[in-house]
Amino acid sequence: MIKSIRQSTLHALGLGSVLEIFQNGKLPVEAADMAEAVFGKPQKRGAMIISGANGIVGAGKAMQFGSRLLPYNIPIIALDFPGSPDGITRQYNGLATAFGRDTANSIMKNIIRLSYDGKNLPESIRSYNPKFLLEAIPEILDVKKAHYGLFKKTFPGIEIRSVTSGFPSSQLGVGIAHPAFPHEINKIWEIVEPKPSAITQLLWALGMIPIQVSDNWSFVLDVLFCGITHAGLQYHRLANTPFWKTDKYIRKLSGPNPFRAHDAIGAKGANFLTWSCLHHLGKNYGGLFTPTPELDERKETGQNWYPLDHFRPLVNWSLEKEDLEVLNAMILGPLFQMTALMVHEKRSHLSSMNAIGELCAQFTRGMPAVMRKTGKDEIIRTVKKYHALYPPAAETAWHNDVLSKMDEPEWQQLYVNAEHNGKAGVITISRESYNSDVDAELNRAITWLTDQKIKRVILTGDFHLSTQMVGADTNEFFPALNDTKAGEKIAGNWSATARRLYNEFEISVGFINGKRCMGGMLELMMHCHYLIAVDDAVLAMPEVTLPVVPGMEGCHWAVRKTKPEQMHHVISMLLEGSNVKAKDAAGWLVDFAGPLNSALKKAWQIMEDGKNVLPLRKVNPAPLKKIPFDKVQISKAGDQAIEEARNAIAKCIEDSCSASLDDALAIQAKHSAGFMVSKLCRAGRVGSEYDKVMV
């Protein structure tokens with residue numbers, strides 16, 4: 001029997017648990033099998049239809065499905081009105097950049113473009129045996145229903161999903177597959193259906209990220225995206241702050257620029273969609289969502305929020321304390337209230353709701369994570385002040401009762417889960433970048449497993465919300481740009497957490513199944529006794545290019561685990577900042593690299609049979625006598641900043657490797673923190689992000 005801190009998000013997709021993936025040595029479903037389940041056997045394979053295919057959504061999804069379904073010989077029928085703007089051709093250059101011209105040509109060749117008048121389907125469409133319709137036509141209910149009726153009459157049994165951002169399935173009469181913007185790149189889909197379907201599992205098997213949500217108006221993403229736009233409009237009306245400056249304040253508070261995003265998407269369409277979502281939400285929930293006059297106007301005109309020739313003064317308009325409190329109340333107050341509503345209605349798994357905010361709406365932290373950190377009393381105080389400033393929101397839809405449950409695992413483990421079968425455990429991380437929330441949750445997960453007497457553990461991504469591990473969240477470093485103590489605290493605490501994986505388990509395995517693992521996430525993984533990866537995973541320590549000095553023991557931990565004749569590979573990786581495939585790092589960084597199923601089986605074999613499965617590369621706790629800088633061949637940087645960063649990292653390598661393991665943690669933390677306050681770091685990516693967000 002498998003026990004877990006909280007339910008895995010995979011359960012909602014009907015895909016079991018991560019621990020079962022390792023036990024079985026394979027994924028729960030494969031793309032080829034799910035393609036057959038949806039489109040039929042190869043000799044009788046049907047087609048996918050995308051209606052409204054020339055629009056922003058339809059064209060983007062034609063590219064996503066076209067590239068992913070090409071190996072399974074499934075044609076994409078791109079259907080739209082004659083004379084509609086050609087959105088598909090505009091996608092070609094992006095395809096060629098991503099896949100090369102030959103593959104891009106093959107993808108485009110497999111997209112068959114057909115026109116229709118809205119009432120009659122082209123006769124030639126029958127020959128393609130359509131099995132699945134993805135509808136991306138305008139958000140007009142009667143038009144959508146007539147569209148479905150036409151297809152159901154012509155092709156009985158066809159599966160239909162709408163990309164609607166607002167209408168619930170109960171209104172449309174079909175399932176929902178709402179994709180996040182940008183449609184060519186973002187892989188998130190909000191799914192509404194009675195139970196997990198073959199289509200949803202096909203999306204997952206193709207490397208996309210379906211998330212089950214409940215059948216409520218605007219689901220989760222557009223409550224957050226339209227909601228923060230609405231909050232910005234309310235603040236604009238109260239403070240008379242221009243939209244571009246309101247965007248600046250919102251970005252500093254929570255991450256997104258909602259008005260700029262509308263213009264980037266295309267104000268005419270985006271304004272209407274946001275108005276539509278808020279209009280229907282307002283009819284159901286009252287003043288919290290009712291559109292403002294500015295949105296009513298722009299819904300009709302399609303006017304940009306940022307005038308094309310506008311001038312933004314290069315000044316830092318700081319707010320006085322009282323004004324800042326008003327801003328907090330007017331932006332965070334409605335977001336707290338909207339999130340509490342969604343939690344009350346159980347619109348999705350809390351981890352999924354949090355991830356939708358970060359991955360789709362561009363929140364720095366998801367709202368459940370923000371609310372957890374803010375605390376019940378401060379949330380209630382903020383919403384109360386918001387209601388005083390905007391009384392219509394106090395009339396309905398304030399469910400503060402959900403705040404009493406914030407101590408439960410579903411709230412406390414938003415990013416990190418743990419499972420075990422009584423003997424071996426699995427810790428999963430569902431966030432692509434490491435931050436203080438992940439660090440705290442990882443500590444709680446480790447403690448939970450050790451309290452359960454689990455001595456063997458696998459650390460991995462969650463096979464769902466996190467498809468890669470890109471390093472540390474640079475937002476975490478902002479306090480360290482001006483305070484070495486803050487930098488030492490981050491580096492010291494995160495390193496201490498990582499060491500628990502090595503010190504508190506008999507065996508730990510870091511398992512890299514995503515397309516890349518870099519920086520702080522790789523440093524975390526390499527603290528495990530074994531590091532196993534799929535052979536094509538890209539590994540990198542890119543800190544020198546940012547520039548920062550690695551702070552989670554990257555400058556000495558892997559060196560101590562490596563044979564003297566191979567140490568130069570690790571040092572070169574640190575000083576170059578270049579990538580290496582996992583299969584090419586076997587023996588000096590990775591203990592096993594292979595195809596996914598082989599890697600899964602090897603990791604589980606270690607859980608069952610112990611250290612006899614693979615040679616154990618122990619960490620040398622003594623000071624290293626010689627660090628082979630002389631064997632490292634480094635290309636010329638051609639940039640003074642890179643040279644200075646290399647020197648700083650080399651000094652950290654030298655000092656932390658020349659000390660004992662016990663002393664090395666504090667030494668490398670001091671080096672990392674000391675570099676963070678330097679002019680070089682301040683002028684690099686972290687400093688520029690700080691200026692962009694905070695100044």
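Look above for the structure.
Because the structure is predicted, anything quoted here is derived from the model rather than measured.

*Asks:* Help me understand the overall build of the chain in this model?
*Replies:* Assigned secondary structure in the chain consists of 28 helices and 20 strands. Against the globule reference of 26 Å for 695 residues, the chain gives a C-alpha radius of gyration of 26 Å, in line with a compact fold. With the principal axes as the frame, the chain shows a C-alpha extent of 80 × 70 × 55 Å. Per-residue burial for the chain yields a buried fraction of 60% across its 695 residues. If you sum the accessible surface of the chain, you get close to 28200 Å²; carbon and sulfur atoms cover 51% of it.

*Asks:* Would you take a moment to explain the environment of I199 for this structure?
*Replies:* As for its position among the elements, I199 is in helix α8 (residues 198-205). Between the alpha carbons of I199 and K61 there is a distance of 15 Å; along the sequence they are 138 residues apart. Not counting chain neighbours up to four residues away, the residues in contact with I199 comprise V38, F132, E159 and R161.

*Asks:* Just checking my understanding: could you explain helix α20 (residues 484-503) for this structure?
*Replies:* Residues lying three or four places apart along an α-helix face the same way, a consequence of the helix completing one turn every 3.6 residues. Spanning 20 residues, α20 covers 28 Å between terminal C-alpha atoms, matching the ideal 28 Å at 1.5 Å per step. The N-cap residue of α20 is D483: its side-chain oxygen and the backbone nitrogen of K485 are 3.0 Å apart.

*Asks:* So what exactly am I meant to see when it comes to the nonpolar core here?
*Replies:* One recurring pattern in soluble globular proteins is that nonpolar side chains are buried together. With 167 residues, the main nonpolar core has I427, L522, L524, L539 and L589 as its most contacted residues. Looking at this core, the element that brings in the most residues is helix α14 (residues 321-344), giving 12 residues. Setting aside its immediate chain neighbours within four residues, L589 contacts L522, M526, L531, L539, A558, M573 and R617. Core analysis: the second largest hydrophobic core is formed by 64 residues, A53, A62, I88 and W604 among them.

*Asks:* What's the story with the sheet that holds strand β5 (residues 130-135) in this structure? I'm lost.
*Replies:* Each strand in a sheet pairs with another by means of backbone hydrogen bonds, the pair being arranged parallel or else antiparallel. What the 8 strands build is an open sheet, ordered β4-β3-β2-β5-β6-β7-β8-β9; its pairing is mixed. Both outer strands of the open sheet, β4 (111-115) and β9 (209-212), are each paired with one neighbouring strand and no more. Each neighbouring strand pair of the sheet contributes to a mean axis angle of 25°, computed without reference to strand direction. As paired strands, strand β3 (residues 76-80) and β4 are joined by 5 bridges and run parallel to one another. Each bridged residue has a counterpart across the sheet, and for D80 the counterpart in β4 is S115. Lying on the sheet, α8 is in contact with β5, β6 (159-162), β8 (188-192) and β9; it crosses β9 at an angle near 140°.

*Asks:* I would appreciate a short explanation of the sheet that holds strand β20 (residues 592-594) in the present structure.
*Replies:* The strand order across the open sheet built from 7 strands is β1-β10-β11-β13-β15-β17-β20, with neighbouring strands paired in mixed fashion. Where the open sheet ends on each side, the last strands, each with one partner, are β1 (3-4) and β20. Relative to strand β10 (residues 416-420), β1 runs antiparallel, the two sharing 2 bridges. Each residue of the ladder has a partner; that of K3, found in β10, is H420. Its contacts with the sheet place helix α19 (residues 436-451) against β1, β10, β11 (424-429) and β13 (456-461), and it is angled at close to 15° to β10.

*Asks:* Would you mind going over the packing of helix α25 (residues 640-657) against helix α26 (residues 661-676) with me for this structure?
*Replies:* To characterise two packed helices, one gives the angle between the axes of the helices and the distance between these axes. The interhelical angle for the contact between α25 and α26, taken along N-to-C directions, is 165°, at an axis separation of 9 Å. Classified by the angle their axes make, α25 and α26 are roughly antiparallel. In this structure, α25 crosses over α26, and the sense of that crossing is right-handed. Residues A645, A648, K651, C652, D655 and S656 of α25 pack against A664, I667, Q668, H671 and F675 of α26. Across the contact of α25 with α26, the residue classes break down as 6 nonpolar, 3 polar and 2 charged.

*Asks:* I'm lost on helix α23 (residues 567-576) in this one. Help?
*Replies:* Of all 10 residues in α23, 9 are buried, a share of seventy percent or more. All of the buried residues in α23 are M567, H568, V570, I571, S572, M573, L574, L575 and E576. Just downstream of α23, G577 is the residue with a positive phi angle, here 75°.

How each quantity is defined
- Residues numbered from 1 in each chain as written.
- Predicted model: local features only at pLDDT ≥ 70, side-chain atom pairs only at ≥ 80, totals over all residues.
- Heavy atoms only, no water.
- Helix = DSSP H or I, 4+ residues; strand = E, 2+ residues; numbered from the N terminus.
- Rg over C-alpha atoms; globule rule 2.2 N^0.38 Å.
- Buried < 20%, exposed > 50% of the residue type's maximum accessible area, 1.4 Å probe, protein only.
- Areas by Shrake-Rupley, 256 points an atom, 1.4 Å probe, with all protein chains shown as cover.
- Contact = heavy atoms within 4.5 Å.
- Expected span 1.5 Å × (residues − 1).
- Polar contact = N/O pair within 3.5 Å; in protein donor to acceptor, adjacent residues only side chain to side chain.
- Core = buried A, V, L, I, M, F, W, Y, C linked by side-chain atoms within 4.5 Å.
- Pairing = 2+ DSSP bridges.
- Axes fitted to C-alpha atoms, helices over the stretch in contact; angles between N-to-C directions.
- Parallel < 35°, antiparallel > 145°, perpendicular 65-115°, else oblique.
- Left-handed = near helix turned anticlockwise from the far one by under 90°.
- Nonpolar A, V, L, I, M, F, W, Y, C, P; charged D, E, K, R; others polar.

Note that every value here comes from positions in space, so none of it alone points to a role or purpose.
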